[in-house]
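If you want the building blocks of each chain, they are given just below.
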Amino acid sequence: MAEPLAERLRPRTLDDYIGQKHLVGEGAVLRRMIDSGRISSFILWGPPGVGKTTLAQIIAHRLQTPFFTLSAVTSGVKDVRDVIERAEKGRFFNEASPILFIDEIHRFSKSQQDSLLGAVEKGVVTLIGATTENPSFEVIRPLLSRCQLYVLKSLEKEDLLELLQRAVTKDVFLRERNIELRETGAMMRYSGGDARKLLNILELVVDAAGTGDVVITDELVEKNLQQNPLAYDKDGEMHYDIISAFIKSIRGSDPDAALYWMARMIEGGEDPQFIARRLVISASEDIGLANPNALLLANAAFDTVMKIGWPEARIALAEAAVYLAASPKSNSAYLGIDSALSLVRQTGNQPVPLHLRNAPTKLMKDLGYHDGYKYPHDFPGHFTPQQYMPDALVNERLWHGQHSPAEEKLYERMVNYWGERYGD
């Protein structure tokens, strides 16, 4: 049985590799590292079908080093340790470290990732990880700090057209069929920047055409893909585009659009928990203090999804989506925490003022810990002015109230308490 077209066309060298010129083009960072013959551990982050696995295999072939591969979906800690042990035994003095390629590394548990740390630190293996998810959320910090991160982009239209031409002219089977690419719009639309999906579509259409010459048209492609006219791929680029449209519709206060994009996800078989999680994020990021009940409702929708599942969960999700879209909006908390994180990175570990420190021991009391602290509940209105920021940052402002009705009350209270400090 013949290999799938995507496997038959998998590039073997960087010169045959399509796309990602910012990484592997002449003079690009990854190309220079490969040409030097020595690579450090890195993680490739990008949508499916853009060449992460192919790139790892090309590197291993180019460097002529042993290549081990694990899938985070099917491998456990024992599998990781077995590969590391084999790498240790098979390595010769001064030889480049074997490459360990882990597909979907974001699915590795913390214990699985921990089991890699020592081998990566000691150079027993050179780790190449591939992920479709943001590594800063899914990969443990010690492992991430030992790896470079390279971001792969969705393939451009020109890249995909080049790939199609290569398929119909170079593939051992397709080149015998006299294939004319008269129209490519539908294939581009359905593939969503995913090279593997594009080649699968081409192969499907050609196989369905029987023997003889084949003229590829948009109509022919749509006819053969009518069993999935939405072309929604939970792991593909359209997944990211549609959830982006959904969130932006909520942020833009358009309940109709929010319901439409939610329906697209539901019809495409999206995981209801994924939709619910994004609603919780939106409630915090986009509605925020303008309507704090939004977060409560989004969490309630998430709980409902966990309890009842499809199809009834669609009602709870729709209720939350409409409520969030129709709510007043504020991102002051979101901006506030980002400002605080930026300030911390700029100013480092500022000391806690003495009066804010607890004094559980006599030595601490003698050093002045807790001296001068004013207990707010001992004062009228449960408030009295005192310094809470570090000495060097005493005049910094991080939260700026926005002027929705609910948040205006919070802002006015701060002005009453702190006076000019909150005089935006």
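A quick note: this is a predicted structure, and the numbers were derived from the prediction, not measured.

Reading the values: the criteria
- Residues numbered from 1 in each chain as written.
- Predicted model: local features only at pLDDT ≥ 70, side-chain atom pairs only at ≥ 80, totals over all residues.
- Heavy atoms only, no water.
- Core = buried A, V, L, I, M, F, W, Y, C linked by side-chain atoms within 4.5 Å.
- Buried < 20%, exposed > 50% of the residue type's maximum accessible area, 1.4 Å probe, protein only.
- Helix = DSSP H or I, 4+ residues; strand = E, 2+ residues; numbered from the N terminus.
- Contact = heavy atoms within 4.5 Å.
- Expected span 1.5 Å × (residues − 1).
- Arc of directions from axis to C-beta.
- 1 Å grid on protein atoms, 1.4 Å probe; cavity = no way out; pocket = protein on both sides within 12 Å on 5 of 7 lines; lining within 4 Å.
- Points joined across faces, edges and corners; volume = space filled by probe spheres on them.
- Nonpolar A, V, L, I, M, F, W, Y, C, P; charged D, E, K, R; others polar.
- Polar contact = N/O pair within 3.5 Å; in protein donor to acceptor, adjacent residues only side chain to side chain.
- pLDDT = per-residue confidence, 0-100.
- Patch = residues over 30% accessible without salt bridge, like charges linked within 9 Å, V, L, I, M, F, W, Y side chains within 5 Å.
- Areas by Shrake-Rupley, 256 points an atom, 1.4 Å probe, with all protein chains shown as cover.
- Salt bridge = Lys/Arg side-chain N within 4 Å of Asp/Glu carboxyl O.
- Phe/Tyr/Trp six-rings, centres within 6.5 Å; stacked < 30°, edge-to-face > 60°.
- Axes fitted to C-alpha atoms, helices over the stretch in contact; angles between N-to-C directions.
- Parallel < 35°, antiparallel > 145°, perpendicular 65-115°, else oblique.
- Left-handed = near helix turned anticlockwise from the far one by under 90°.
- Pairing = 2+ DSSP bridges.
- Right-handed = clockwise from strand over helix to strand, strands pointing away.

Colleague: Just to check I follow, could you spell out the nonpolar core for this structure?
Modeller: Nonpolar side chains tend to gather and get buried jointly when the protein is soluble and globular. Among the nonpolar cores identified, the biggest contains 28 residues, and Ile179, Leu181, Met187, Leu202, Ile216 and Val221 are the most heavily contacted of them. At the level of elements, helix H1 (5-8), helix H9 (157-170), strand E6 (179-181), helix H10 (185-191), helix H11 (195-208) and strand E7 (214-216) are the ones that each hand at least two residues to this core. A per-element tally of this core places H11 first, with seven residues. When neighbours within four sequence positions are excluded, Met187 is seen to be in contact with Leu164, Leu181, Leu198, Ile201, Leu202, Ile216 and Val221. By size, the runner-up hydrophobic cluster in this structure holds 25 residues, among which are Ile247, Ile250, Ala258 and Phe302.

Colleague: Would you mind going over helix H16 (residues 293-308) with me for this structure?
Modeller: Because each turn of an α-helix spans 3.6 residues, side chains separated by three or four positions end up pointing in the same direction. End to end, H16 covers 22 Å across 16 residues, agreeing with the expected 22 Å (1.5 Å per residue, within 8%). By the burial criterion, the buried members of H16 are Ala294, Ala298, Ala301, Phe302 and Val305. All buried residues of H16 lie within an arc of 100° about the axis, which places them on one face of the element. The exposed set on the far side of H16, more than 90 degrees from its buried face, consists of Leu296 and Lys307. Each element contacted by the buried residues of H16 is listed here: helix H15 (272-287) and helix H17 (313-326). Following H16 by one or two positions, Gly309 has its phi on the positive side, about 65°.

Colleague: Looking at this structure, how should I read the layout of surface pockets?
Modeller: A water-sized probe rolled over the atoms picks out the places where empty space is left. Considered as a void within the structure, the second largest pocket measures approximately 210 Å³ in volume. Ile39, Ser40, Ser41, Ser97 and Thr126 are, among the 18 residues lining the second largest pocket, the residues nearest its centre. Looking at the lining of the second largest pocket residue by residue, the class counts come to seven nonpolar, nine polar and two charged.

Colleague: I keep staring at the side chain of His355 and nothing clicks. Help me out?
Modeller: Within the element layout of this structure, His355 appears in the loop between helix H18 (332-347) and helix H19 (362-366). At a separation of 2.7 Å, a polar atom in the side chain of His355 contacts the main-chain carbonyl oxygen of Gln387.

Colleague: Whenever I open this one, the confidence of the model for the chain confuses me. Can you help?
Modeller: In low-pLDDT segments, the atomic positions of the prediction should not be examined closely. On average, the chain scores 83 in pLDDT, and the residues at 70 or more come to 94%. Within the model, the stretch residues 227-232 combines pLDDT values under 50 with 16 contacts to residues more than four positions away or in other chains.

Colleague: Is there a simple way to think about a nonpolar patch on the surface in this case?
Modeller: Taken together, Tyr373, Tyr375 and Tyr388 make up a surface patch of nonpolar side chains, about 300 Å² in accessible area. Summarising the element assignment, Tyr373 is placed in the loop between H19 and helix H20 (405-418). A relative accessible area of 31% places Tyr373 in the partly exposed class.

Colleague: Help me out: how do you make sense of the pattern of salt bridges in this one?
Modeller: Two side chains bearing opposite charge may form a pair once their charged atoms approach each other closely. One pass over the full model with this rule turns up 17 salt bridges. Residues Asp82 and Lys78 are paired through a salt bridge, measuring 3.0 Å at the closest nitrogen-oxygen approach. Taken together, the positions of Asp82 and Lys78, both in helix H5 (residues 77-90) and four residues apart, correspond to about one turn of that helix. By relative accessible area, which is 30% here, Asp82 ends up partly exposed. Between Arg166 and Glu162 there is a salt bridge; the shortest N-O distance is 3.6 Å.

Colleague: I would appreciate a short explanation of the packing of aromatic side chains in the present structure.
Modeller: Within a pair of aromatic rings, the relevant descriptors are the distance that separates the centres and the angle that separates the planes. Here the structure, examined in full by the defined rule, presents six aromatic pairs. With 4.1 Å between their ring centres and 5° between their planes, Phe383 and Tyr417 make a pair best called stacked. With Phe383 in the loop between H19 and H20 and Tyr417 in helix H20, the pair connects residues that are 34 residues apart, well separated along the chain. Since its relative accessible area comes to 31%, Tyr417 is described here as partly exposed. Centre to centre, the rings of Tyr388 and Trp418 are 6.5 Å apart; their planes meet at 80°, and the pair counts as edge-to-face. Here the residue Tyr388 occupies a position in the loop between H19 and H20, and Trp418 occupies one in helix H20, the gap between them amounting to 30 residues.

Colleague: Mind showing me how you'd approach the packing of H9 against H11 here?
Modeller: Each packed pair of helices is defined by two parameters, the angle between the axes and the distance between the axes. Orientation of H9 relative to H11, taken along the N-to-C sense of each, is 40°, at an axis distance of 11 Å. Regarding the angle of H9 to H11, the classification is oblique. For the pair H9 and H11, the crossing hand works out as right-handed. Side by side, H9 and H11 meet where Leu160, Leu163, Leu164, Ala167 and Val168 of the first sit next to Ala195, Leu198, Leu199 and Leu202 of the second.

Colleague: Just checking my understanding: could you explain the pairing of strand E3 (residues 99-103) for this structure?
Modeller: For a regular strand, the rule is simple: side chains alternate between the two faces of the sheet. Burial analysis of E3 places four of its five residues in the buried class, which makes it a mostly covered element. As judged from the five bridges shared by strand E2 (residues 67-71) and E3, these two strands associate in the parallel manner. Within E3, the residue paired with Leu70 across the bridge is Ile102. Pairing analysis gives five bridges linking E3 to strand E4 (residues 126-131), with the strands arranged parallel. Bridge pairing in E4 places Ile99 opposite Thr126. With helix H6 (residues 110-122) bridging E3 and the parallel E4, this β-α-β connection has right-handed handedness.

Colleague: Help me understand the sheet that holds strand E1 (residues 42-45) in this model?
Modeller: Backbone-to-backbone hydrogen bonds join strands into a sheet, with any given pair of strands oriented parallel or antiparallel. With respect to topology, five strands assemble into an open sheet ordered E2-E3-E4-E1-E5, the strand pairing being parallel. Among the strands making up the open sheet, the edge pair consists of E2 and strand E5 (148-151). On average, each strand axis in the sheet is tilted by 20° relative to the strand beside it, whichever way the strands run.

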